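Descriptive analysis of the structure
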Amino acid sequence: MSKRKWQQLKETIIKYFFGINGVISILVLLGIFLFLTKTGLQSFEKISLSQFFLEKEWNPTSYNNPQWGILAMLTGTIYIALGSLVIAVPIGIATSIYLSEIASPIMRELLKPAIEMIAAVPSVVLGLFGLIFLVPIISTFFRISSGLNALSASILVAIMVLPTIISISEDIIREVPQEYKEASLALGATRWETIQKVILPVSASGIFASIMLGLGRAIGETMLVLIIAGNAQAFPKSFLDPVRPITANIAIEIKEVVTGDLHYQALFATGLLLFMITFTINLVSDIIIHKQLKNLNHEK
Amino acid sequence: MPKKIIKTENLNLWFANKKILKEINLEIVENKITAIIGPSGCGKSTFVRTLNRMNDLIPSCRITGNVHYKGKNIFSPETDVTNLRQNIGQVFQKPNPFPKSIFDNIAFGPRLYGEKNKDKLKNIVEESLEKVGLWKEVKNDLAKNALSLSGGQQQRLCLARTLATKPKVILMDEPCSALDPLSTAKIEDLMQNLKDITIVIVTHNMQQATRVSHFTGFFLMGKLIEFGETKDIFTKPQNKKTEDYISGKFG
Amino acid sequence: MKNNRILKEKIIFSFIKMAAFFSAITLVLIIGYVFIRGFKVISWQFLFQEVQQRDITKGGILQAIIGTIYLGIGTFFIAVPAGISSAIFLNEYIPDTKTSRVIRVAIRNLAGVPSIVYGLFGLAVFVQFFNLKTSLLSAILTLSSMTLPWIITASEESLKAVPFEFREAALAMGATNWQTIKKIVIPHSLPGMITGSILGLSRALGETAPIILVGATFYCRSLPTSVFDKFMALPYHLFILATQHAHPQAHEYALGTAIVLITIIYLMSLTAILIRYHLRKKKNA
């Protein structure tokens, strides 16, 4: 075989090597969606959609009258997701403004890795910390018998989503062209006025996207809420009630079900719901962020 | 004896350890146009950015010496930088309108100083755009995004935006380098018409300096080599280096 | 004379600073708390002896450490090559069409899907469909699926950062596609790809939810001898100690386990940073 032909063959082999790898990866990832959908949708042959979404009671193991309503758990998920954002958004945006516009270079070099290190703490460790440190404080402060509730979980989930909000917002704010800041300052604006009237409006959609990504993480968080949120299935009336978000419910029940029965399928249906919610949230933020970066680069 | 609005005394400036400006002593005459010329990297842009303290933005920047604006040291702790910049406006090399409407761009400064009255703002916007000859072109599009204007229009908008803050001095950092000849001519005309405003213009274009300015300073490697009336600098320079530069031996 | 606009700025800036320092102090508080309260259980015995089920204070956490290391090694050898070569395929070989863009966006967004969902997937596919049972192998494959999107996304970003001119220049000199990739593209993007992979892996090792579903167990008498055995892992061990263990000192031992887990994760991040630094220096030299 001539050298040239051998080289062509080699090129082809290598191309197929990468191709097969790529295709397998894509298939695996596609498989996630397919398996979830297939198993999850089977449950709707026996459970009506309205029962699933609108009923409060979830009691799959009742012999006579099993209940399949996820409303109470969904409310728990929403409580914690929104509660954590209420805490994390103001602190996160303020921190990203500080890092990108106010901090001295030395301060930034110190704070950035510190915040990135929070992102690296596994959620189970954060849960442990919360259980030992925060939960007793909450129960004493509100004079309730147990601090395992939606409020404690919201605070800890807020700590967990902070790095996401901070790092993405900071990236977006730093992309705002220097020319805008100079123009504003040269007109006699203070630094705060420049931030408020020029920088934040320009980066608003990107900051919004960072909040969405934080929301996606908060909805999907499992270990923290499993440890902290209290796991009660009753419909929560306030933030001081224990809740069982959808993620925690999967972790608690999946080990006790018989493969392939309705309970198993119903848990997959809740997993499918989580998948669709988080995937959509991520997709929307992804599109917003890319559009924003494109606009900012275009304007430069 | 013409009145001096800005005076620098033994002004030195470093970025980190690099000395950019060396012992600059220069006086800017009120309501006249002063051109700063010199090759790239001679410190001329840095010099004008010192006058309204825009170099504050650069953390590694260190300054010794004084700059007096109307007799007051701009580096003294009592100076209100925002007030200083309102009085000493700046037009940048590249047009930099905000990604906001034309109206909001012009109204930006007045709103900062607390002007909320809509009619007054409208008057200011019209007056400022009129001064730069843009009013007729955009009066029906005030709500349009300023970025939709052409480059020349954008630069005139930026000038109008600066005028809306009623500055006493305008610093122009190569304001025409990104513009076509026609737009350049328009900006030069405008400068001549702003009789009650002091203008300091940085330019690498010597024809522009001779066309528009009354005084010229020649910078080289961070030093002010020569300063005087424009006609003198260009016809009978005292310094050999100035002569070499204006005759095109380097640049 | 200072005006009240400047006063306003001062007030708002001090709030912003407070928020920023709150963010940073939270970290110091968490890490500090875990280390100070958990430190006293750390000992040679704790690190190198097997778990004593009857009394956790009598043994160590060796099986959990080894289990996590096995998981890490297994996931590394599956997810990193698969992820990097998929990224090369997506970025270098297939044309930039609408379909390929949809695939990329989908992969990028899979990176944000909750880990418990990957757990369900692993349970359905590896544990049941391929009948691997709840085992080390199922867990490795599940964590690999989860890390795959992270690694592909990080690798694609470093591949994109290679200037197009470099590729053009190589191709214009008559280099083949693979020669260009091997000589130009990979050397340039390797630091980013490796860093991204290690960071993804370190994140995976802290994950608890997926491995609960596919094979981690609270107690194994011995270390796994094959990939089909069940295994112990640090995050799950710590979870059980924290929530379901009756021993009065369970929380302290959970904190001790947390110290080991965090240390492993931070060491991996540090390695990633050092590798990036080293390779960058080599590249620039």
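Treat the numbers as computed from the prediction; the structure is a model and nothing was measured. (Residues numbered from 1 in each chain as written. Chains lettered and ligands numbered in written order. Predicted model: local features only at pLDDT ≥ 70, side-chain atom pairs only at ≥ 80, totals over all residues. Heavy atoms only, no water.)

Attention shifts here to the overall build of chain A. A count of helical and extended segments in chain A gives 11 helices and 2 strands. What you see in chain A, going N to C, is helices and strands ordered as α-α-β-β-α-α-α-α-α-α-α-α-α. A globule of 300 residues ought to have a C-alpha radius of gyration of about 19 Å, yet chain A, at 24 Å, is considerably larger. Structurally, chain A occupies a C-alpha span of about 80 × 75 × 35 Å along its principal axes. When burial is assessed residue by residue, chain A has 58% of its 300 residues classed as buried. Partitioning the contacts of chain A with sequence separation of at least 6, the portion at a separation of at least 24 is 71%. Looking at chain A as shown, the accessible area adds up to about 12,800 Å², and 64% of this sits on carbon and sulfur atoms. Charge centroids of chain A, computed over 22 positive and 20 negative side chains, lie 8 Å from each other. (Helix = DSSP H or I, 4+ residues; strand = E, 2+ residues; numbered from the N terminus. Rg over C-alpha atoms; globule rule 2.2 N^0.38 Å. Buried < 20%, exposed > 50% of the residue type's maximum accessible area, 1.4 Å probe, protein only. Contact = heavy atoms within 4.5 Å. Areas by Shrake-Rupley, 256 points an atom, 1.4 Å probe, with all protein chains shown as cover. Lys, Arg positive; Asp, Glu negative; His and termini not counted. Charge placed at Lys NZ, Arg CZ, Asp CG, Glu CD.)

Let us now look at the overall build of chain C. For chain C, the helix and strand inventory stands at 11 helices and 0 strands. Element order for chain C, N to C, with α for helix and β for strand: α-α-α-α-α-α-α-α-α-α-α. By its C-alpha atoms, chain C is 75 × 70 × 40 Å across when sized along the principal axes. Residues classed as buried in chain C amount to 55% of the 285 residues present.

Moving on, we come to the nonpolar core. Side chains of nonpolar character tend, in soluble globular proteins, to be buried together. Among the nonpolar cores identified, the biggest contains 193 residues, and Val125(A), Ile254(A), Ile16(C), Leu71(C) and Phe239(C) are the most heavily contacted of them. With 15 residues, helix H3 (residues 71-102) of chain A is the single largest residue contributor to this core. A domain-level breakdown of this core finds at least three residues from each of domain 1 (3-45) and domain 2 (71-299) of chain A. Contact partners of Phe239(C), with chain neighbours within four places excluded, come to Val124(A), Met223(A), Leu226(A), Ile227(A), Thr208(C), Ile212(C) and Gln244(C). One finds Ile170(B), Ile199(B), Phe218(B) and Leu220(B) within the second-largest nonpolar core, a separate group that totals 43 residues. (Core = buried A, V, L, I, M, F, W, Y, C linked by side-chain atoms within 4.5 Å. Domains from an automatic or database assignment.)

Residue and element names in this part refer to chain B. Pairing within the open sheet is mixed, and its 6 strands lie in the order S6-S7-S8-S3-S9-S10. Since the sheet does not close on itself, it has two edges, and those belong to strand S6 (88-91) and strand S10 (223-229), each with one partner. On average, each strand axis in the sheet is tilted by 15 degrees relative to the strand beside it, whichever way the strands run. Both strand S7 (residues 169-173) and strand S8 (residues 198-202) contribute to a ladder of 5 bridges, which runs parallel. By the bridge assignment for S8, isoleucine 170 is matched with isoleucine 199. Running at roughly 170 degrees to S6, helix H6 (residues 151-163) makes contact with S6 and S7 of the sheet. (Pairing = 2+ DSSP bridges. Axes fitted to C-alpha atoms, helices over the stretch in contact; angles between N-to-C directions.)

Turning next to the pattern of salt bridges. Residues and elements named next belong to chain B. Going through the model one piece at a time under the given rule, you end up with 24 salt bridges over all chains. Here arginine 53 ties to aspartate 56 by a salt bridge, and the two come within 3.0 Å at their closest N and O atoms. The exposure class assigned to arginine 53 is buried, which follows from its relative accessible area of 15%. Two residues, glutamate 188 and arginine 211, come together in a salt bridge whose shortest N-O distance is 2.7 Å. Here glutamate 188 is found in helix H7 (residues 181-193), whereas its partner arginine 211 is found in helix H8 (residues 206-212), with 23 residues between them in sequence. (Salt bridge = Lys/Arg side-chain N within 4 Å of Asp/Glu carboxyl O.)

Before going further, it helps to examine helix H4 (residues 105-120) of chain A. A rise of 1.5 Å per residue sets the reference length of H4(A), with its 16 residues, at 22 Å; its end C-alpha atoms lie 23 Å apart and thus fit the reference within 8%. What H4(A) keeps buried is the set Arg108(A), Leu111(A), Ala114(A), Ile115(A) and Ile118(A). Seen from one end, H4(A) has its buried residues packed into an arc of 145 degrees, which puts them on one side. Along H4(A), exposed side chains directed more than 90 degrees from the buried face belong to Ile106(A), Glu109(A) and Leu110(A). As for H4(A), its buried residues are in contact with H3 and helix H6 (150-174) of chain A together with helix H1 (4-38) of chain C. (Expected span 1.5 Å × (residues − 1). Arc of directions from axis to C-beta.)

Residues and elements named next belong to chain C. With respect to the element layout, threonine 142 can be found in helix H6 (residues 136-160). Classification of threonine 142 by relative accessible area gives buried; the value is 1%. Setting aside anything within four residues of it in sequence, one finds threonine 142 in contact with Tyr118, Gly119, Gly122, Phe126, Pro210 and Val214.

What follows concerns the domain arrangement of chain A. Residues and elements named next belong to chain A. Structurally, chain A comprises domain 1 (3-45) and domain 2 (71-299). On a C-alpha basis, the centroid separation for the pair domain 1 and domain 2 is 33 Å. Opposite the 11 residues of domain 1 that make contact, domain 2 presents 9 residues. Both sides together, the interface formed by domain 1 and domain 2 hides about 800 Å², and carbon and sulfur atoms give 84% of it. In terms of surface lost to domain 2, no three residues of domain 1 exceed Leu36, Thr39 and Ser43, which account for 55% of the buried area on that side. Linking domain 1 with domain 2 are 0 salt bridges. (Buried area = accessible area lost by both parts, 1.4 Å probe.)

Tallying the contact residues gives 76 residues for chain C and 75 residues for chain A. Summing the contributions of chain C and of chain A, the shared interface buries around 6,700 Å²; its carbon and sulfur component is 79%. The interface formed by chain C and chain A includes 2 salt bridges. Measuring nitrogen to oxygen at the nearest pair gives 2.7 Å for the salt bridge that ties Glu193(A) to Arg5(C). Between chain C and chain A we count 16 residue pairs in polar contact (both at pLDDT 80 or more) in total. It is H1(C) that contributes the most residues to the side of chain C that touches chain A, 22 residues altogether. For the side of chain C that touches chain A, a count of residues per class yields 55 nonpolar, 15 polar and 6 charged. (Polar contact = N/O pair within 3.5 Å; in protein donor to acceptor, adjacent residues only side chain to side chain. Nonpolar A, V, L, I, M, F, W, Y, C, P; charged D, E, K, R; others polar.)

Running from N to C, helix H8 (residues 191-220) of chain A and H1(C) cross one another at 75 degrees; their axes reach a closest spacing of 8 Å. Relative to H1(C), the element H8(A) lies roughly perpendicular. Along its contact with H8(A), which presents Arg191(A), Trp192(A), Glu193(A), Ile195(A) and Gln196(A), the element H1(C) presents Arg5(C), Lys8(C), Glu9(C), Ile12(C), Phe13(C) and Ile16(C). By residue class, the composition of the contact of H8(A) with H1(C) is 5 nonpolar, 1 polar and 5 charged. (Parallel < 35°, antiparallel > 145°, perpendicular 65-115°, else oblique.)

All names here are of chain A. Together, Val23, Leu27, Leu30, Phe33 and Leu34 line one region of the surface with nonpolar side chains, adding up to about 450 Å² of accessible area. As for its placement among the helices and strands, valine 23 is situated in helix H1 (residues 3-42). Judged by relative accessible area, valine 23 falls into the partly exposed class, the value being 42%. (Patch = residues over 30% accessible without salt bridge, like charges linked within 9 Å, V, L, I, M, F, W, Y side chains within 5 Å.)

This part is about the interface of chain B and chain A. The interface of chain B with chain A comprises 25 residues on the first partner and 20 residues on the second. When chain B packs against chain A, close to 1,800 Å² is buried across both sides, 68% of that on carbon and sulfur atoms. On the chain B side of the interface with chain A, the three residues burying the most area are Phe98(B), Phe108(B) and Leu112(B), jointly 26% of the side's total. Applying the counting rule to chain B against chain A returns 1 salt bridge. Glu182(A) serves as the salt-bridge partner of Arg49(B), at 3.0 Å between the closest nitrogen and oxygen. Seen at the junction of chain B and chain A, the total is 4 residue pairs in polar contact (both at pLDDT 80 or more). Of the residues that constitute the side of chain B that touches chain A, the class distribution is 12 nonpolar, 8 polar and 5 charged.

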